[in-house]
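Residue strings, one per chain:
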Amino acid sequence: MTDLKSMTPEELTAWCKAQGQPGFRGKQLFQWFHRGVSSVEEMTDLPKALRELILREEGFSAPIVERKQVSKLDGTIKYLWRLRDGNCIETVLMRYHHGNSVCISSQVGCAMGCAFCASTVGGRVRNLTAGELLDQVIFTQKDSGAPISNIVLMGIGEPLDNYENVRKFLTLVNHKDGINIGMRHISLSTCGLVPGIDRLAEEGLQLTLSVSLHAPDDETRSRLMPVNRAFGVDTLLAACRRYFEKTGRRISYEYAMIDGVNDTPRHGALLAQRLEGTVAHVNLIPLNYVEESPLKPSTRVAEFQKQLEKRGVTATVRRRLGSDIDASCGQLRRKAMAETARDGGKEGSSCGFSMGTD
């Protein structure tokens, strides 16, 4: 099956010509996809024969809102989308004074195994296509009525573990004939896949790279993040320096504050030492509670921030949004999976997972 939603206007033009249709239909298709149509019948300026061809040979689907949670505190909206194969992913709309941001998923599940993250419960099922990444932005905007100005690839999954589809998504979302969100308004978060960081550096994109560091030493980080056994802290920070040298873009380091694990004065001093002399920003994150995890939120966030700033490291505390809904990434999907299992996976039950392909 051809994935039309993952195509550029040029690729859609070539596809239309191959179907015996005029080339200009490709641009029309692209524009319809980026408006968030839910069926081919909505594409009113396309001939019936082309619409029937799309349904018959290529297929057409749009994500369905399986669940939707709206924070009464700050208007944050968390979506659980059902995909065409029955799998579910999460997307979060966050409202800030400077505009609306959408946090999107890059995979169904995650293989990285970070100890503090609900996304990894159940493992990785499959990669999302570029079109499925794009649909999260478009349909969140359409359902909420809130114009999206910023995108964060920080939802379920590891973006650099799905490099080709993520790279294609960046092309699509940045296209002038689509929703045209600039690269400087896009952040990509990685747990530290060094080959992917180096590859992204070569692209020369002006997006913001966020690195999930969460500890300044190998012993602590390996305990929290299995990826550190493949790419240790020294290796990761060397890749980050190369990225800055190639792109000139400041890196943001994410640091989830975990009680008694990575929040001691020793950890603060070592983190400041590691980042000394680099152009960096540390984003301190109050840990979200995950039912399966024994890890607890730190009570030393303010002290830790002051310790870093005294050593010349820029550090801010991430504002907690949606604290009255399932705030932790992957929690809503995990609940749906648990309910499916409890219901025996029968038809109509909520979002189990099927073993798809990349």
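Rules behind the numbers
Residues numbered from 1 in each chain as written. Predicted model: local features only at pLDDT ≥ 70, side-chain atom pairs only at ≥ 80, totals over all residues. Heavy atoms only, no water. Salt bridge = Lys/Arg side-chain N within 4 Å of Asp/Glu carboxyl O. Helix = DSSP H or I, 4+ residues; strand = E, 2+ residues; numbered from the N terminus. Buried < 20%, exposed > 50% of the residue type's maximum accessible area, 1.4 Å probe, protein only. Pairing = 2+ DSSP bridges. Arc of directions from axis to C-beta. Axes fitted to C-alpha atoms, helices over the stretch in contact; angles between N-to-C directions. Parallel < 35°, antiparallel > 145°, perpendicular 65-115°, else oblique. Left-handed = near helix turned anticlockwise from the far one by under 90°. Contact = heavy atoms within 4.5 Å. Nonpolar A, V, L, I, M, F, W, Y, C, P; charged D, E, K, R; others polar. Core = buried A, V, L, I, M, F, W, Y, C linked by side-chain atoms within 4.5 Å. Polar contact = N/O pair within 3.5 Å; in protein donor to acceptor, adjacent residues only side chain to side chain. Expected span 1.5 Å × (residues − 1).

A.B. asks: I would appreciate a short explanation of the pattern of salt bridges in the present structure.
C.D. replies: Following the criterion strictly, the structure yields 15 salt bridges and no others. In this structure, aspartate 135 engages lysine 5 in a salt bridge whose closest nitrogen and oxygen atoms are separated by 2.9 Å. Linking aspartate 135 in helix H4 (residues 130–144) with lysine 5 in the segment before helix H1 (9–18), this pair joins segments that are 130 residues apart in sequence. Residues aspartate 135 and lysine 5 agree in their burial class; the two are buried. Here lysine 68 makes a salt bridge to aspartate 143, at a shortest N to O gap of 2.8 Å. Within this pair, whereas lysine 68 is found in strand S1 (residues 64–70), its partner aspartate 143 is found in helix H4, the two being separated by 75 residues in sequence. Each of Asp85, Arg126 and Glu132 takes part in a single network of salt bridges with overlapping partners.

A.B. asks: How should the pairing of strand S3 (residues 88–96) be read in this particular structure?
C.D. replies: For S3, a buried count of seven out of nine residues is recorded, marking the element as mostly surrounded by other parts of the structure. When strand S2 (residues 77–82) meets S3, the two strands line up antiparallel, connected through six bridges. Note on S3: the bridge partner recorded for arginine 82 is cysteine 88. Remark: five residues form the turn of the hairpin made by S2 and S3, two consecutive strands paired antiparallel; glycine 86 in that turn has positive phi of roughly 95°. Inspection of the sheet shows S3 paired to strand S4 (residues 99–104) by five bridges, in the antiparallel sense.

A.B. asks: Would you explain H1 in this entry?
C.D. replies: Because an α-helix completes one turn every 3.6 residues, residues spaced three or four positions apart along the sequence face the same direction. Every buried residue of H1 is listed here: Pro9, Leu12, Trp15 and Cys16. Within H1, the buried residues cover an arc of 120° as seen down the axis, which keeps them to one side. In H1, the exposed positions that point more than 90 degrees away from the buried face belong to Glu10, Lys17 and Ala18. Following H1 by one or two positions, glycine 20 has its phi on the positive side, about 80°.

A.B. asks: Even after reading the chapter, I still don't get the packing of H4 against helix H5 (residues 163–173), so can you show me in this structure?
C.D. replies: The angle between the axes and the distance between the axes are what describe a pair of packed helices. Here H4 crosses H5 at 50°, and the two axes come no closer than 8 Å. In terms of axis orientation, H4 runs oblique to H5. The interaxial crossing formed by H4 with H5 has right-handed handedness. Counted together, Ala130, Leu133, Leu134 and Val137 of H4 and Asn165, Val166, Lys168, Phe169, Leu172 and Val173 of H5 form the full contact between these two elements. Grouping the constituent residues of the contact of H4 with H5 by class yields eight nonpolar, one polar and one charged.

A.B. asks: Looking at this model, I keep getting lost on the nonpolar core. Mind explaining?
C.D. replies: Nonpolar side chains tend toward joint burial in soluble globular proteins. Counting residues in each nonpolar core, the largest one holds 95 residues, and the members touching the most others are Ile151 and Phe169. If we skip the residues at most four places from it in the chain, isoleucine 151 touches Val102, Ile104, Val137, Phe169, Val173, Ile181, His185, Ile186 and Ser187.

A.B. asks: Is there a simple way to explain the side chain of lysine 5 in this structure?
C.D. replies: Residue classification places lysine 5 among the buried positions, given a relative accessible area of 11%. Side-chain polar atoms of lysine 5 contact the side chain of aspartate 135, separated by 2.9 Å. Residues contacting lysine 5, with those up to four places away along its chain left out, are Phe33, Phe60, Ser61, Ala62, Gly131, Leu134, Asp135, Phe139 and Leu172.

A.B. asks: What am I meant to see in helix H8 (residues 233–247) here?
C.D. replies: Between its terminal C-alpha atoms H8 stretches 21 Å, which fits the 21 Å expected from 15 residues at 1.5 Å a residue. All of the buried residues along H8 are Val233, Leu236, Leu237, Ala239, Cys240, Tyr243 and Thr247. All buried residues of H8 fall inside an arc of 155° around its axis, so they share one side. Those residues of H8 that are exposed and angled more than 90 degrees off the buried face are Asp234, Glu245 and Lys246.

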